[in-house]
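# Coordinates in review
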Amino acid sequence: MVELQAESPGEGRLPVTAGDLRLSEVVRERMTWLAPYKGQAAALSEAMQAAHGMGWPKAGRMTGRKGARAMWFGRDMALLIGPEPDPGLAAHAALVDQSDAWAVLALEGPGAPEVLARLCPLDLRDQVFKRGHVARTEVAHMAGAIARMGADNWRIMVFRSMAGTLIHEVETAMRRVAARRNSPREGADRAHHLP
Amino acid sequence: MRLVCPVCGERDRREFYYQGAALARPDGSDWGPDWEDYLHNRDNPAGVTRDLWQHEQGCGAWLIVTRDTVTHEVLAVALAAEAGA
Ligand SMILES: [Zn+2]
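What you see is a predicted model, and the numbers here were worked out from it, not measured in a lab. (Residues numbered from 1 in each chain as written. Chains lettered and ligands numbered in written order. Predicted model: local features only at pLDDT ≥ 70, side-chain atom pairs only at ≥ 80, totals over all residues. Heavy atoms only, no water.)

This paragraph deals with the interface of chain B and chain A. Taken together, the contact between chain B and chain A spans 12 residues of the former and 13 residues of the latter. Summed over both partners, the interface of chain B with chain A buries about 1,000 Å², with 53% contributed by carbon and sulfur atoms. In this assembly, chain B and chain A are joined by zero salt bridges. Among the residues making up the side of chain B that touches chain A, the classes are represented as six nonpolar, two polar and four charged. (Contact = heavy atoms within 4.5 Å. Buried area = accessible area lost by both parts, 1.4 Å probe. Salt bridge = Lys/Arg side-chain N within 4 Å of Asp/Glu carboxyl O. Nonpolar A, V, L, I, M, F, W, Y, C, P; charged D, E, K, R; others polar.)

Once that is clear, we can look at the sheet that holds strand E7 (residues 93–97) of chain A. Residue and element names in this part refer to chain A. Spatially, the five strands line up as an open sheet ordered E4-E5-E6-E3-E7, and their pairing is antiparallel. Two strands in the sheet have a free side with no partner beyond their single neighbour: strand E4 (62–65) and E7. When the angles between neighbouring strand axes are averaged without regard to direction, this sheet yields 25°. The pairing of E4 with strand E5 (residues 68–74) spans four bridges and is classified as antiparallel. Following the sheet pairing, Arg65 is matched in E5 by Ala68. (Pairing = 2+ DSSP bridges. Helix = DSSP H or I, 4+ residues; strand = E, 2+ residues; numbered from the N terminus. Axes fitted to C-alpha atoms, helices over the stretch in contact; angles between N-to-C directions.)

Time to look at the side chain of A:Ser99. Residue and element names in this part refer to chain A. With respect to the helices and strands, Ser99 occurs in the loop between E7 and strand E8 (102–108). Accessibility expressed as a relative area gives 14% for Ser99, which makes it buried. Within polar-contact distance, the side chain of Ser99 engages the backbone nitrogen of Met31 at 3.1 Å. Within polar-contact distance, the side chain of Ser99 engages the side chain of Asp97 at 2.6 Å. Beyond its immediate chain neighbours, meaning those up to four positions away, Ser99 contacts Arg28, Glu29, Arg30 and Met31. (Buried < 20%, exposed > 50% of the residue type's maximum accessible area, 1.4 Å probe, protein only. Polar contact = N/O pair within 3.5 Å; in protein donor to acceptor, adjacent residues only side chain to side chain.)

The subject of this paragraph is the sheet that holds strand E4 (residues 48–54) of chain B. All names here are of chain B. If you trace the four strands from one edge of the open sheet to the other, you get E3-E4-E5-E6, paired in antiparallel fashion. Looking at strand neighbours, the two that pair on one side only are strand E3 (17–21) and strand E6 (74–79), the edges of this open sheet. Neighbour-to-neighbour, the strand axes of the sheet open up by a mean angle of 30°, direction not taken into account.

To continue, consider the packing of aromatic side chains. Residues and elements named next belong to chain A. On inspection of all chains with the given rule, the structure shows five aromatic pairs over all chains. When the centroid spacing of 5.1 Å and the interplanar angle of 85° are considered together, the rings of Phe73 and Trp102 count as edge-to-face. Linking Phe73 in strand E5 with Trp102 in strand E8, this pair joins segments that are 29 residues apart in sequence. The class of Phe73 is buried, set by a relative accessible area of 1%. Between Trp102 and Phe159, the ring centres sit 4.5 Å apart and the planes meet at 35°, which makes this aromatic pair tilted. Of this pair, Trp102 sits in strand E8 while Phe159 sits in strand E11 (residues 153–159); the two residues are 57 residues apart in sequence, bridging distant segments of the chain. (Phe/Tyr/Trp six-rings, centres within 6.5 Å; stacked < 30°, edge-to-face > 60°.)

All names here are of chain B. Only Cys5 (SG), Cys8 (SG), His55 (ND1) and Cys59 (SG) from the protein coordinate the zinc ion, and they sit 2.0 to 2.5 Å from it. In this structure, the zinc ion is coordinated by four donor atoms arranged in tetrahedral fashion, with angles at the metal of 102 to 118°. Mapping the donors of the zinc ion onto the primary sequence gives the spacing C-x2-C-x46-H-x3-C. Of this pair, Cys5 sits in strand E1 (residues 2–5) while His55 is found in the loop between E4 and strand E5 (62–68), placing the two residues 50 residues apart along the sequence. Look at Cys5 and you get buried, because its relative accessible area is 2%. (Donors = N, O, S within 2.8 Å, 3.2 Å for Na, K, Ca; no water. Tetrahedral: all angles 85-135°; square planar, octahedral: opposite > 155°, others 65-115°.)

Spelled out as structure tokens, the structure:
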């Protein structure tokens with residue numbers, strides 16, 4: 001009898017560090033796509049509020065908190081992260097289990113926006129991309145998502161099958177940013193001009 | 001080049017996929033000159049044109065972009081679902 005063992009998308013490859021930057025895998029949580037049926041967005045938001053304590057997120061935003069969050073994830077689509085979806089939500093939306101579909105990485109440390117700026121075309125300055133913001137975008141040429149959980153705490157998501165490529169790309173960018181930050185001539189005085 | 005997606009806001013051109021001219025689909029299913037135009041003929045104007053783009057690496061929405069091929073100015077971006085193709 002074969003003993004099958006579940007492995008996370010980044011199993012054996014994370015965490016990695018470079019200077020003060022750290023890339024790690026977020027502990028896997030239940031993730032469900034919510035796609036409201038036509039005209040049902042308001043009813044879905046009410047059902048979410050009643051069952052999970054958070055409403056439907058506006059475009060590019062998150063609602064809820066750690067352990068029970070709703071992350072906007074595309075036009076008329078959000079990701080419920082944490083709880084098992086209440087069966088009542090199914091009356092208003094299509095629900096699709098995504099728990100094993102995504103590699104979810106946490107990038108932490110000062111200079112994280114400089115790392116991300118090498119990988120995606122978003123404006124990540126503090127005054128534009130704030131805590132609680134999320135964007136679907138291209139990450140190192142892969143379709144993904146970037147979210148800001150705190151000042152120096154970011155989430156990066158791509159499809160699980162691309163986890164190895166994502167880790168390689170982010171780690172490479174981390175080493176380059178760390179090297180510039182550590183170089184007295186190039187790094188230190190440039191770094192504080194960036195967000 | 002940047003486009004202001006009605007859902008996501010201003011985004012880099014790399015996030016978008018270009019489909020082609022945004023044309024009104026002819027009524028009915030009988031073959032005729034309208035369908036021939038729709039399938040085969042394009043104007044290629046020096047000036048204002050309407051194209052279909054998709055925010056493929058963003059929210060996924062299909063967009064109608066009105067732009068000027070001479071000045072490269074983007075005049076309007078609307079959701080195809082609301083504006084009609
Ligand atoms: Zn968009």
